[in-house]
Amino acid sequence: MKQLIIKKLAPLLFLVMSCCLGFTSLVAADASPINITITPSSTAVTVKPGASVTKKLTVLNEGVTPYTFNVSVAPYSVVGTEYNPSFIPIAGTTNASSWIQLSAPVSNYLGIRSIANIDYSITVPANTAPGGYYAVIFAKTTPLPGSSIRSSSQVGNIIYLTVAGAVKRAGSAHMDQVPLFTSERQLALGITLSNTGGVHYVAATHLSVQTILGKRVYANSSQHYVLPQTVRDVSGVWKTPSFGIYRVTGNATVNGKRIVLPGKWLVVVHSNVIIGLVLLLLVGAGVIALRLTRKYRTKNGTRT
Amino acid sequence: MSNTKIKLYSVGLATFGILGLPCVAMAATTDTVVNANISSTVGLLTSNGTVDLSTDPAGSGSQTQASDTVTVSTNDTAGYTLKLASSTALNTMDSGTDTVAASTGTQASPTALIANQWGYRIDGLAGFGVGTTTAVHDAAPTGVTFAAVPVSSAPDTIQNTNTTATNAITTVWYGLSADTSLPTGNYTNTVTYTVVTN
């Protein structure tokens, strides 16, 4: 009887122990991934001088690790035509981040698969000149305890603020230089946008490449903010076919006005095609030379 | 009422019903425009939250390398910019008053770690070269090049895209080299990954 009980219980006991050990291993091997999302990631708002507006953003924890996060506000500007974002104040300019007040506590707890809504208000001083002003609201996780390198994750909502009033709106767009001939397997195609006005605009750009028969082989469309007194490069990479004659066309919307950019012709011949053509020419020349030589020998043979 | 009149009235009624039905049907329809404004989002996921570079020092420098995986998702068609910096104005690893200095290399010109230095690298980015960096622990100096983690006011851009992204991964390698002159202790630094849409 005893033996029968042991026989029956042993496999069950083994199974339970295996599960416990396996679960321990799983827990031990499991890391603590931190997952933070912010929405919206950019907000465009217009406010009159002396007025105030209230907006909202949402921070989401779509992961399996709870954390505490802090909210803060910083200036926003860009550097260079590649629009490298910068979050430090620029001396001599208005710091719009000081106009933003957060209604939520600085520090917030976010459980597993939870969301937190953060209200904020933007109050523009009464004597502010009309135009564009920029800031970013950050949500940043508190680092977990640990050794060596600890990390914080920070996501931002960029505020594109227009202070209402008469303001100069001006800008331009032109297609970046396109070579007449290329043997490259990849070619950067882009549009350069400039804003010479006092407020940002959203540029919708479109670039495409067609064959001489009009068949589209590449297209790239996108939308980008262009800040005042800046130049922005918007580009994509086209993987070129082995050879062909193509036309690059494009258009851009600047301050609400659509600009059609002059098209450019492009001849593509990859180096392996060039090598193949050269070899073909050499072989052809060799054959012709051989035939001419034989013809000359035959003539000489007849004469003698 | 005569049969003829009844028949006439019936035909008339039926005709009215058939002709009138579309009018009734037309009068019952209206157009409604359905709008849906999809907000932009950007999300950041780090694999661990901490990276362990614990090292047993050796005379000529013992090197440990480990990685952190940073994953970004955004539906903004302009793409995103991902930056890395120390969370403070200091980019040393500290244990009380003892420190491990930051690498003298930069993203454009990274350098191999010498004893008692730490830094970061990303294969294929800027001056780091293609490389296939691997995790090592207490190894002889690997000669792999690293850059200093910049201070908080001047973060390095470690990824920049111009299109939407779904779980786009950037692997950040951290390395530390220690020799026996470094006092024992728990050396730490907190780095910040920042992502904004373009």
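The rules behind each value
- Residues numbered from 1 in each chain as written.
- Chains lettered and ligands numbered in written order.
- Predicted model: local features only at pLDDT ≥ 70, side-chain atom pairs only at ≥ 80, totals over all residues.
- Heavy atoms only, no water.
- Helix = DSSP H or I, 4+ residues; strand = E, 2+ residues; numbered from the N terminus.
- Buried < 20%, exposed > 50% of the residue type's maximum accessible area, 1.4 Å probe, protein only.
- Areas by Shrake-Rupley, 256 points an atom, 1.4 Å probe, with all protein chains shown as cover.
- Core = buried A, V, L, I, M, F, W, Y, C linked by side-chain atoms within 4.5 Å.
- Polar contact = N/O pair within 3.5 Å; in protein donor to acceptor, adjacent residues only side chain to side chain.
- Contact = heavy atoms within 4.5 Å.
- Pairing = 2+ DSSP bridges.
- Buried area = accessible area lost by both parts, 1.4 Å probe.
- Salt bridge = Lys/Arg side-chain N within 4 Å of Asp/Glu carboxyl O.

**Q** An account of the overall build of chain A is requested, with residue identities and associated values reported.
**A** From N to C terminus, chain A includes two helices and 19 strands. With 304 residues in all, chain A has 39% of them scored as buried. About 17,000 Å² of surface is accessible on chain A, with carbon and sulfur atoms providing 62% of the total.

**Q** Explain the overall build of chain B to me, using residue names and the numbers behind them.
**A** Along the backbone of chain B there are one helix and 13 strands. Put simply, chain B runs from its N terminus to its C terminus through helices and strands in the order α-β-β-β-β-β-β-β-β-β-β-β-β-β. Residues classed as buried in chain B amount to 42% of the 198 residues present. Here chain B displays about 9,900 Å² of accessible surface, and carbon together with sulfur accounts for 59% of that area.

**Q** Now, about the nonpolar core: what can you tell me, with residues and values included?
**A** Core analysis: the biggest nonpolar cluster contains 62 residues, and A:Phe69, A:Leu161, B:Trp118, B:Tyr120, B:Tyr174 and B:Tyr193 have the highest contact counts within it. Core analysis: the second largest hydrophobic core is formed by 35 residues, A:Ala74, A:Tyr83, A:Phe87 and A:Val254 among them.

**Q** Describe the side chain of A:Ser222, listing the residues and the values that go with them.
**A** If you trace the backbone, A:Ser222 turns up in strand E16 (residues 216-226). Given a relative accessible area of 10%, A:Ser222 falls into the buried group. At 3.0 Å, the side chain of A:Ser222 forms a polar contact with the side chain of A:His224. If we skip the residues at most four places from it in the chain, A:Ser222 touches A:Ala203, A:Ala204, A:Thr205, A:Val234 and B:Thr77.

**Q** Just give me the short version of the side chain of B:Thr74, but keep the residues and values in it.
**A** Residue and element names in this part refer to chain B. Within the secondary structure, threonine 74 sits in strand E3 (residues 62-74). In terms of polar contacts, threonine 74 uses its side chain to reach the backbone carbonyl oxygen of threonine 41, at 2.7 Å. Within the local environment of threonine 74, its side chain forms a polar contact with the backbone nitrogen of aspartate 76, the two atoms lying 3.1 Å apart. When residues no more than four places from it in sequence are discounted, the contact partners of threonine 74 are Thr41, Val42, Gly79, Tyr80, Thr164, Ala165 and Thr197.

**Q** So what's going on with the sheet that holds strand E19 (residues 257-269) of chain A? Which residues, and what values?
**A** All names here are of chain A. Strand order in the open sheet made by the five strands is E13-E19-E18-E15-E16, with mixed pairing throughout. Lying at the two open borders of the sheet, with one neighbouring strand each, are strand E13 (181-182) and E16. The pairing of strand E15 (residues 201-211) with strand E18 (residues 243-254) spans seven bridges and is antiparallel. From the neighbouring strand, serine 208 faces E18, where its bridge partner is threonine 249.

**Q** Account for the interface of chain B and chain A, with residues named and values stated.
**A** Between chain B and chain A, the contact holds 43 residues from the first and 41 residues from the second. For the pairing of chain B and chain A, the buried interface totals around 3,200 Å² over both sides, and the portion due to carbon and sulfur atoms is 49%. Linking chain B with chain A are zero salt bridges, by the criterion used here. Our count for the chain B to chain A interface comes out at 25 residue pairs in polar contact (both at pLDDT 80 or more). Of all the elements in the fold, those that place two or more residues in the side of chain B that touches chain A are strand E1 (42-46), strand E2 (50-51), strand E4 (80-86), strand E11 (156-160) and strand E13 (188-197) of chain B. With ten residues, the top contributor of residues to the side of chain B that touches chain A is E13(B).

**Q** I'd like a description of the pairing of strand E1 (residues 34-39) of chain A, backed by residues and values.
**A** Most of E1(A) sits out of view: six of its six residues are buried. Alternating residues of E1(A) divide into A:Ile34, A:Ile36 and A:Ile38 and A:Asn35, A:Thr37 and A:Thr39, and every residue in both groups is buried. When E1(A) meets E1(B), the two strands line up antiparallel, connected through five bridges. The residue bridging A:Ile38 from the neighbouring strand is B:Val42, located in E1(B). The pairing of E1(A) with strand E3 (residues 52-61) of chain A spans three bridges and is antiparallel. Looking at E3(A), one finds that A:Thr37 is bridged to A:Leu60.

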